[in-house]
Each structure stands twice: as structure tokens, then as C-alpha cells.
Amino acid sequence: MDRNIFHLLMVMSAIFSYGSCFHIKMEALPKDVDELVPESNVTISCFVTNNSSEEILAVEIGKDSERPIATLQKCSDLFFGGGQKPNVHVEGRLERNSTTSFIKVTIKNPTVRNSGTYKCKVIRLDEMSLSEEVTKVDLTITSNNVKGVFEYFWKKFSSFENRIKTAEDVISEQRKTIVELTDQIKIQELKLNKQTSKVKLHAVKINHQDLSLNLLNSTAHHHTAELQKHDEQLKSHQEQIQQESSKLSVNSNRIGFVEDLTRNQSKIVAELNDKENFMVAFTAVYNSVDTFKSGDTIVFRQVLMKEGNGYDENTGIFKAPRPGIYAFHLAIGTPKTCVYYNIDIVANGKKQARLFAYDADLYGDQSAASCTVRLKKDETVKAVVFQTSPGANSFHPEPYYSIFTGYLVREM
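Cut-offs and rules
- Residues numbered from 1 in each chain as written.
- Predicted model: local features only at pLDDT ≥ 70, side-chain atom pairs only at ≥ 80, totals over all residues.
- Heavy atoms only, no water.
- Helix = DSSP H or I, 4+ residues; strand = E, 2+ residues; numbered from the N terminus.
- Buried < 20%, exposed > 50% of the residue type's maximum accessible area, 1.4 Å probe, protein only.
- Contact = heavy atoms within 4.5 Å.
- Areas by Shrake-Rupley, 256 points an atom, 1.4 Å probe, with all protein chains shown as cover.
- Core = buried A, V, L, I, M, F, W, Y, C linked by side-chain atoms within 4.5 Å.
- Pairing = 2+ DSSP bridges.
- Axes fitted to C-alpha atoms, helices over the stretch in contact; angles between N-to-C directions.
- Disulfide = S-S within 2.5 Å.
- Patch = residues over 30% accessible without salt bridge, like charges linked within 9 Å, V, L, I, M, F, W, Y side chains within 5 Å.
- Salt bridge = Lys/Arg side-chain N within 4 Å of Asp/Glu carboxyl O.

**Here's the deal with the overall build of the protein**
- A tally of regular secondary structure across the protein gives two helices and 20 strands.
- Counting the 412 residues in the protein, one finds 29% classified as buried.
- The long-range share in the protein, meaning contacts at least 24 apart out of those at least 6 apart in sequence, stands at 66%.
- Only carbon and sulfur atoms are counted for the fraction: they give 55% of the accessible area of the protein, which is about 28,100 Å².

Right, here's the structure in full:
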């Protein structure tokens with residue numbers, strides 16, 4: 001008996017709490033559609049205005065006495081009842097209070113089977129109980145609009161006829177252009193004939209010059225034979241000089257080898273000392289408030305330690321001062337706002353590691369990723385947002401929850 005009284009009080013509380021602060025509006029546009037008209041769409045919308053203290057938990061839309069087409073729930077994406085269909089597009093937004101929530105279903109090329117009464121159900125939560133509000137709208141799909149079909153295909157035919165006329169105009173212009181080009185070709189042929197006659201005259205002159213060159217060549221052969229004799233005498237003298245030079249070069253090479261060996265030893269000792277004393281390392285934390293989107297570089301502006309001048313706290317990018325093997329570690333703390341982040345460690349445009357941070361219970365969370373990469377001098381590494389939930393704003397307010405660090409493991 002006491003339990004029945006408690007349920008009665010809950011129902012009465014829900015009835016008295018409902019007032020002008022909560023409104024549901026549902027509409028179908030257009031209400032009358034003919035399935036014979038191609039490329040027709042119909043949209044069924046439900047708008048919920050909530051200015052009360054009650055919280056909206058879910059909004060769903062579908063045909064009366066059937067499973068919902070789509071359900072929009074708190075802290076989740078759209079859920080499609082019976083699976084998402086290719087001719088149905090659903091969009092919506094669910095706000096907790098003080099704004100308008102909506103869910104909208106668009107059916108492409110509807111048929112008679114889509115006719116019927118559609119309902120929108122809103123589930124609310126007040127201080128004591130759950131309550132539901134339902135509103136309905138009718139949608140009629142017919143199959144006899146022959147005039148609409150005729151008008152659709154007449155527009156298609158008119159468009160095709162205009163394209164044919166445009167093509168004919170283009171062909172006419174091209175014919176005019178061909179005539180003009182033909183006249184120009186004839187003029188060029190006349191000029192080419194004149195040039196051909198000039199070339200023939202030059203060929204006769206060249207034949208006369210060839211006869212003169214043949215006489216000069218015979219004289220040149222005689223002088224060449226005498227020069228060859230002098231060349232043989234010079235070669236014998238050069239061979240004697242080379243023998244003396246080879247003796248001198250052997251001694252010079254020995255001296256140069258000793259000098260090069262001394263310089264190389266000094267250089268190797270200097271490089272080993274430089275590698276032992278050089279260090280590259282940094283640690284930086286995130287202490288800003290930014291709104292992120294896909295492709296943004298995360299800038300960790302508060303530097304706790306930096307050696308080797310590799311990390312730039314103004315851009316969030318690490319540039320390798322020397323070639324070698326480097327290690328990097330990235331940790332991200334999510335705020336208490338029911339958001340998620342996919343963040344990559346990217347070296348020279350290539351993903352090396354990815355972390356997924358998601359605050360499922362509104363208490364905050366922390367995720368981390370690490371990697372080791374081989375870098376050449378001046379190659380870069382940074383933390384890049386791959387994907388995030390819409391409206392994601394900043395990370396955990398405590399700076400040490402989000403940190404980016406890296407260091408040189410071994411110089412190559």
C-alpha cells in the first residue's frame with residue numbers, strides 16, 4: 001500500500017512540474033509527397049525547448065508502434081534503430097538544459113511504405129522521477145502524381161536541348177577557326193617555297209667551298225706528318241722527366257701520409273670528446289587554454305628542463321640539433337567534461353605513436369604514449385591532434401597532467 005502511494009506522489013510531482021518551461025514541436029516537410037517524382041526528399045524534425053531545471057536524457061524519433069529510426073542519448077552519439085540505412089540521414093544535438101535540442105531525419109526518395117504516423121518521445125529527469133513526453137505528426141506518400149513526373153523529365157529534356165544548341169554554336173566557331181588556319185597555312189607554304197630556293201643557292205656556294213677545303217686538307221696532312229715526328233721526340237724527353245718525378249713523388253707521398261695520419265688522429269680525439277660532453281633533453285608541461293581541431297600542433301609552453309636547444313616552447317616543435325636515436329614520451333590529462341582526444345607523436349610527418357584519452361565518467365583521465373626514432377640533423381618531432389570530440393576545449397586544468405619530454409639516447 002505504501003509503495004502505491006509513493007508511485008502516485010511521483011506521478012503527481014511530474015504532472016505539476018510540467019509547465020510552460022518545456023515545449024516539444026514536431027513537423028514533417030513536406031507532409032504530402034509523391035514517390036513517382038524523382039530526387040524528392042522528406043524531413044521529419046523534432047525540436048525540444050527546455051528552460052526548466054529538468055534534464056533531458058534522450059530524444060528518439062520513429063513511426064508509431066515501430067522501433068525508433070534514431071535515438072539521441074546523453075553523452076553519446078546518434079544511435080540508429082535497426083541499423084543505419086543508405087537513404088536515411090539523421091542529425092541532432094542534445095543539450096542538458098537551457099537551450100533547444102533537436103533531432104532531424106531526412107528520407108531520400110521516399111516510398112508509400114514510409115507513410116504513417118511518426119512520433120517523437122522525450123525522456124526527462126527531475127529531482128524525483130523519470131517522465132516521458134510524446135508528440136506525433138502524419139506523413140502521406142502517394143503514387144499518382146503523373147504531372148510532377150512529366151514536369152521533372154521535361155526540365156531534363158529542356159536542359160539537354162540547351163546543351164545541344166551550345167555544342168552547335170561551339171562547332172560553328174571551330175569551323176570558322178579551321179578556315180582561318182587553312183588560309184594561314186597557304187601563306188606559310190608560299191614563304192617556305194621562297195626559303196627553299198634560297199637554300200639551294202647556298203648549297204651551290206657550299207660545294208665550291210668544299211673544293212677549297214680539300215686542297216687545304218692535303219696541305220694539312222703534310223704538316224701533320226712533320227708534327228708527329230716532333231711529338232715522338234717530345235715523348236722520349238717526357239718519359240725521362242717522369243722517371244725523375246716519380247722518384248721525387250715517392251718521398252713526397254711518404255711525408256704527406258705522416259702529416260695526414262697526425263691530422264686525422266687529432267680530429268678523431270676532438271670528435272670523441274665533443275660527443276661525450278654534448279647532451280640533448282627537454283621536459284615541458286601544458287598550462288594553456290586552447291580549442292583544438294584535427295591537425296593542430298599542441299604547444300607545451302612551460303619548460304621544466306631544456307638542454308641542447310632542441311625544443312621550441314613557442315611552436316611546440318622539437319628540432320634535432322644532431323643526428324642520433326631519440327626517445328620521446330607524451331602524456332595527456334582529460335578535463336571533467338565528457339570529451340575524448342586522439343593525439344599522435346609525429347616525426348617528419350610520419351606517425352610514430354598514438355594515445356587515446358577519454359573521460360567516460362566525468363572524473364578526468366590520463367593517457368600516455370612513447371616511442372624511439374632515428375633522426376637526422378634538423379628533423380622535427382611534435383604532438384599533433386588527430387581527432388577530437390566536437391567543441392573539445394583544453395586539457396586537465398592541472399599543468400602536470402599533460403607533459404611532453406624527449407632526450408638523445410645515442411648520437412650517430
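From this point, things continue past the structure.
**Considering the environment of P110**
- Tracing the backbone through its elements, the reader meets P110 in the loop between β8 (100-108) and β9 (116-125).
- Of the residues examined, P110 reaches a relative accessible area of 2% and is grouped as buried.
- Sequence spacing of P110 and N87 is 23 residues, and the spatial spacing of their C-alpha atoms is 8.5 Å.

**Digging into the nonpolar core**
- Counting residues in each nonpolar core, the largest one holds 32 residues, and the members touching the most others are I298, F300, F318, F328, L330, I343 and L375.
- Only β11 (281-285), β15 (324-334), β16 (340-347), β17 (350-358), β18 (365-375), β19 (380-388) and β20 (403-411) provide two or more residues apiece to this core.
- For L330, the contacting residues outside a window of four places in its chain are F300, I343, I345, L355, S367, A368, A369, A383, I403 and F404.

**Some details on the sheet that holds β15**
- Taken together, the five strands give an open sheet; going across it, the order is β12-β11-β20-β15-β18, and neighbouring strands pair in antiparallel fashion. Of all strands in the sheet, those with a lone pairing partner are β12 (302-307) and β18, marking the two edges. Strand-to-strand, the axes of this sheet are offset by a mean angle of 10 degrees, without reference to chain direction.
- Of the pairings in the sheet, the one linking β11 to β12 comprises five bridges and is antiparallel in character. When the sheet's bridge partners are listed, V285 is paired in β12 with Q302.

**Notes on the sheet that holds strand β13 (residues 311-312)**
- The antiparallel open sheet is built from five strands, whose spatial order is β13-β14-β19-β16-β17. Because the sheet does not close on itself, it has two edges, and the strands there are β13 and β17.
- Pairing between β13 and strand β14 (residues 317-319): two bridges, direction antiparallel. Following the sheet pairing, D312 is matched in β14 by I317.

**Here's the deal with the side chain of E60**
- As for its placement among the helices and strands, E60 is situated in strand β4 (residues 55-63).
- When its relative accessible area of 16% is taken as the criterion, E60 is described as buried.
- Residues contacting E60, with those up to four places away along its chain left out, are P68, A70, T71, K119, C120 and K121.

**Some words on the state of the cysteines**
- Scanning the model with the defined rule gives one disulfide in all.
- Paired through a disulfide, C46 and C120 show a sulfur-sulfur distance of 2.1 Å. Disulfide C46-C120: torsion about the S-S bond near -80 degrees, hence left-handed. Within this pair, whereas C46 is found in strand β3 (residues 41-50), its partner C120 is found in strand β9, the two being separated by 74 residues in sequence.
- Take C46: its relative accessible area is 0%, and that puts it in the buried class.
- On the accessibility criterion, C120 (0% relative accessible area) is buried.

**A short note on the pairing of β17**
- As paired elements, β16 and β17 share eight bridges and run antiparallel to each other. Bridge pairing in β17 places V346 opposite K351.
- Between the end of β16 and the start of β17, which pair antiparallel, lie two residues, with N348 showing a positive phi angle near 55 degrees.

**Quick word on the environment of E398**
- Turning to its location among the elements, E398 is positioned in the loop between β19 and β20.
- Judged by relative accessible area, which is 44%, E398 ranks as partly exposed.
- In sequence terms E398 and G333 are 65 residues apart; their C-alpha atoms lie 8.5 Å from each other.

**So, unusual backbone geometry**
- In this structure, P30 follows L29 across a cis peptide bond, with omega equal to -15 degrees.
- Along the chain, P30 falls in the loop between β1 (22-29) and β2 (32-34).
- One non-glycine residue, N109, lies in the positive phi region at around 50 degrees.
- Even without glycine at this site, D378 takes up a positive phi of about 75 degrees.
- Relative to the assigned elements, D378 resides in the loop between β18 and β19.
- D378 sits in the partly exposed class, given a relative accessible area of 43%.

**Comments concerning a nonpolar patch on the surface**
- Residues L304, M305 and Y400 make up a contiguous nonpolar surface patch of roughly 300 Å² in combined accessible area.
- For M305, the location among the structural elements is in strand β12.

**As for the pattern of salt bridges**
- Within the structure shown, the criterion is met by eight salt bridges.
- Here K121 ties to E60 by a salt bridge, and the two come within 3.2 Å at their closest N and O atoms. Remark: E60 occurs in strand β4 and K121 occurs in strand β9; sequence separation between them is 61 residues.
- The closest approach of N and O atoms between D290 and R301, which form a salt bridge, is 3.8 Å. With D290 in the loop between β11 and β12 and R301 in the loop between β11 and β12, this pair connects stretches of sequence that are eleven residues apart.
- By relative accessible area, which is 25% here, D290 ends up partly exposed.

Such coordinate-based values are descriptive only and should not be taken to indicate function.
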